[in-house]
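Spelled out from the first residue to the last, the chains are:
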There are 2 protein chains.
Amino acid sequence: MTLEIPEVVINRLPVYARALAALALDGETVVSSQTLGERLDVTPAQIRKDLSYFGRFGKQGRGYNVLGLLAKLREILGLDRKWRVCLVGLGRLGQAIAEYGGFEPQGFQIVAIFDSDPASVGKLVNAVHVHDSAELDSFLRQNPVDIGIVAVPAHAAQQVVDRLVNAGIRAILNYAPMTPHVARDVAVRNIDPVLAMQSMTFYIKKAEPSGK
Amino acid sequence: MTLEIPEVVINRLPVYARALAALALDGETVVSSQTLGERLDVTPAQIRKDLSYFGRFGKQGRGYNVLGLLAKLREILGLDRKWRVCLVGLGRLGQAIAEYGGFEPQGFQIVAIFDSDPASVGKLVNAVHVHDSAELDSFLRQNPVDIGIVAVPAHAAQQVVDRLVNAGIRAILNYAPMTPHVARDVAVRNIDPVLAMQSMTFYIKKAEPSGK
DNA sequence: GTCGCTCCGTTACGGATTTCACAAAGGTGA
DNA sequence: TCACCTTTGTGAAATCCGTAACGGAGCGAC
Ligand SMILES: NC(=O)c1ccc[n+]([C@@H]2O[C@H](COP(=O)([O-])OP(=O)(O)OC[C@H]3O[C@@H](n4cnc5c(N)ncnc54)[C@H](O)[C@@H]3O)[C@@H](O)[C@H]2O)c1
Ligand SMILES: NC(=O)c1ccc[n+]([C@@H]2O[C@H](COP(=O)([O-])OP(=O)(O)OC[C@H]3O[C@@H](n4cnc5c(N)ncnc54)[C@H](O)[C@@H]3O)[C@@H](O)[C@H]2O)c1
């Protein structure tokens, strides 16, 4: 029954959900795989196949009910609940993350911030307390957290990841430019704009005159 | 000769390069695919296969020369030159990007910033001028730029992307939570931490007690 | 009620990607 | 020089993933 779902499929579902939410805001009530596919640069067959891993959500001849499918996807992904998040590292990037208004509306609630710099500890950022990172373990023991965001320098990142994992966290969003090493049952996503740019240059270096 | 290189391969090369740079800093002079693979959670065969698309860089019985392979990868990716980058959108995120010190050392030079808010226009951020985004086209005509970073609200992003592409830019790093539509010869990378979290929740929602 | 059109769910196919496995090459030390 | 150990580069096999294609359900028109 629960046949193994490819990770690529899981990674596409939030994209579908995001598009459906946008369509709903536009007042659309139904959408076909064709239309959704055009919007997302994905073939209609791909969308239908992806969804078919989880059930039958469409109506032949019509398409999918926008709000209905959105609700289903949110349920499948576990987005129909709140998730407790902690942030480690309150440097420039950490500040931006703490103040970013895009997480909360999606159910991701930053409940604690940790930093090793005494100058930051004790502050209140966006109504969230900044703790000494030495207290990370004891805090997480008392206040379970689901997801950890790592925004410390690369040389400290593995250690932070280890502590988060040891404290029971099984999902990590890593901004440090390194590859974290974790047990197989821990989910990790890396965000690195430099890597993204470094792969694009391969494609534009060819016919690039640029130099006037 | 130039057999088609899979994009997944290209996306891994910068990761290899980053690891090699770290190894070099540690004073390592040679590395085997085995050792590199352990560090990056990639199979040795994968690394060797990826590299074999481009040539023969290793020595049997020894492995790869760290600096030599790094130089080769940088050449393959086009990282052996400077790239001119412009940033569109100087909100919270744009500020953080403009001040981030991680691009310049990798050869990505932000040469111009654009925003539509008159309050920002004319400012100097990290020694870079902020232009009115109405001047985007005329500026780019006079000052060729290779890569565009989009950090505007989602509803404005497609328009910004179109203007960048029309001005000749063929690589875009998009931070807005939407799927940009571009011609096939334009490279796009999307960065969205919310999507990343929304795919992780699928994996941790199962055995997650959490609720006390 | 039937026709005709749309569009889903699914299966089968084929292409792309990863893994396997091994011959050959480099290095070391007796 | 030779034996032995390591590790590469690479075809072949295995796996994974995306696309095509089609039967059939829903809907509207008449
Ligand atoms: N700033 C960006 O836009 C950006 C973008 C992408 C990636 N990154 C990466 O994110 C990370 C943070 O970047 P930044 O610019 O905020 O750096 P930063 O130096 O401004 O901040 C790092 C913060 O981490 C804290 N810290 C260090 N070690 C710690 C530890 N063991 N436990 C807890 N806190 C610790 C420091 O006190 C500091 O506040 C870096 O790895 C960087 O490469 C940054
Ligand atoms: N802040 C973050 O940490 C973060 C993280 C991920 C993604 N994002 C996304 O990045 C984008 C920017 O986020 P933000 O928090 O900086 O928003 P913001 O509202 O603070 O800034 C947006 C900026 O874009 C400018 N702008 C608007 N329309 C423009 C146009 N047509 N041309 C040029 N400039 C224009 C505005 O003047 C403003 O300065 C959003 O799409 C957001 O969802 C932000």
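Residues numbered from 1 in each chain as written. Chains lettered and ligands numbered in written order. Predicted model: local features only at pLDDT ≥ 70, side-chain atom pairs only at ≥ 80, totals over all residues. Heavy atoms only, no water.

## Some points on the overall build of chain A
Tallying secondary structure elements over chain A gives 8 helices and 10 strands in all. Oriented by its inertia axes, the alpha-carbon framework of chain A measures out at about 60 × 55 × 35 Å. For chain A, contacts bridging at least 24 residues in sequence account for 55% of all contacts bridging at least 6. About 10,700 Å² of surface is accessible on chain A, with carbon and sulfur atoms providing 52% of the total. (Helix = DSSP H or I, 4+ residues; strand = E, 2+ residues; numbered from the N terminus. Contact = heavy atoms within 4.5 Å. Areas by Shrake-Rupley, 256 points an atom, 1.4 Å probe, with all protein chains shown as cover.)

## So, the pairing of strand E8 (residues 147-150) of chain A
Residue and element names in this part refer to chain A. Neither face of E8 is open: one carries Ile147 and Ile149, the other Gly148 and Val150, and all of them are buried. Note that strand E4 (residues 83-88) and E8 share 4 bridges and pair parallel. Of the residues in E8, the one forming a bridge with valine 85 is isoleucine 147. Bridge analysis of E8 against strand E9 (residues 171-174) gives 3 bridges, and the strand direction is parallel. Residue glycine 148 lies in a different strand from E9, and its bridge partner there is isoleucine 172. (Buried < 20%, exposed > 50% of the residue type's maximum accessible area, 1.4 Å probe, protein only. Pairing = 2+ DSSP bridges.)

## Concerning the site of ligand 2
Within the structure, ligand 2 sits among 23 residues, and Gly91, Arg92, Leu93, Asp115 and Val152 of chain B are positioned closest to it. Of the chains in the model, those with residues near ligand 2 are chains A and B. At 3.4 Å from a nitrogen atom of ligand 2 is found a side-chain nitrogen or oxygen belonging to serine 133 of chain B. Burial of ligand 2 by the surrounding chains reaches 79%, relative to a free accessible area of 820 Å². Every element with two or more residues in the shell around ligand 2 is listed here: helix H5 (92-99) and helix H7 (154-166) of chain B. Per element, the largest residue contribution to the shell around ligand 2 is 4 residues, and it comes from H7 of chain B. When the residues that make up the shell around ligand 2 are grouped by side-chain class, the tally is 15 nonpolar, 5 polar and 3 charged. (Near = heavy atom within 4 Å. Polar contact = N/O pair within 3.5 Å; in protein donor to acceptor, adjacent residues only side chain to side chain. Nonpolar A, V, L, I, M, F, W, Y, C, P; charged D, E, K, R; others polar.)

## Quick look at the protein's contact with DNA strand C
In the vicinity of DNA strand C, 24 residues are found, and the nearest of them are Ser33, Phe57, Gly58, Gly61 and Tyr64 of chain A. Of all DNA strand C atoms lying within 4 Å of any protein atom, the proportion belonging to sugar or phosphate reaches 68%. Note that a phosphate oxygen of DNA strand C is positioned 2.5 Å from one of the side-chain N or O atoms of serine 33 of chain A. Within the side chain of arginine 48 of chain B, a nitrogen or oxygen atom sits 3.4 Å from a base nitrogen of DNA strand C. Per-element accounting of the surface near DNA strand C gives the leading share, 4 residues, to helix H3 (residues 44-52) of chain B. Taken together, the residues of the surface near DNA strand C break down into 4 nonpolar, 10 polar and 10 charged.

## Some points on the relation of the copies chain A and chain B
For the match of chain A to chain B, the screw axis carries a shift of 0.0 Å, the RMSD comes to 0.1 Å, and the turn is 180°. Such values leave the two copies arranged in the relation of a two-fold axis. A share of 100% of the interface residues of chain A reappears at the interface of chain B, consistent with the copies meeting face to face through the same patch. (Least-squares fit on C-alpha atoms with pLDDT ≥ 70 in both.)

## Some details on the domain arrangement of chain A
In terms of domain boundaries, chain A breaks down into domain 1 (7-77) and domain 2 (83-195). When each unit is reduced to the centre of its C-alpha atoms, the spacing between domain 1 of chain A and domain 2 of chain A is 31 Å. (Domains from an automatic or database assignment.)

## Description of helix H2 (residues 33-40) of chain A
An α-helical turn contains 3.6 residues, so any two residues separated by three or four positions project in the same direction. Residues and elements named next belong to chain A. Taken as a whole, H2 has its buried residues at Ser33, Leu36, Gly37 and Leu40. Projected down its long axis, H2 shows its buried positions confined to an angular sector of 100°, all on one face. Residues of H2 that are buried in the fold lie against helix H1 (7-25), strand E1 (30-31), helix H3 (44-52) and strand E3 (63-65). Remark: aspartate 41 follows H2 within two positions and exhibits a positive phi of approximately 60°. (Arc of directions from axis to C-beta.)

## Quick word on the sheet that holds strand E5 (residues 108-115) of chain A
The pairing of strands in a sheet comes from backbone hydrogen bonds and takes either a parallel or an antiparallel form. Spatial ordering of the open sheet is given by E6-E7-E5-E4-E8-E9-E10 (chain A), a layout of 7 strands whose pairing is mixed. At either end of the open sheet lies a strand with only one pairing partner, and these are strand E6 (124-125) and strand E10 (187-190) of chain A. Pairing of E9 of chain A with E10 of chain A involves 4 bridges; the strand directions are parallel. Note that in E10 of chain A the partner of isoleucine 172 of chain A across the bridge is valine 188 of chain A. Here helix H7 (residues 154-166) of chain A sits on the sheet and contacts E4, E8 and E9 of chain A; the angle it forms with E8 of chain A, its principal contact strand, is near 170°. Contacts between helix H8 (residues 193-204) of chain B and the sheet are confined to E4, E5, E8, E9 and E10 of chain A, with E9 of chain A contributing the most and set at about 160° to the helix. (Axes fitted to C-alpha atoms, helices over the stretch in contact; angles between N-to-C directions.)

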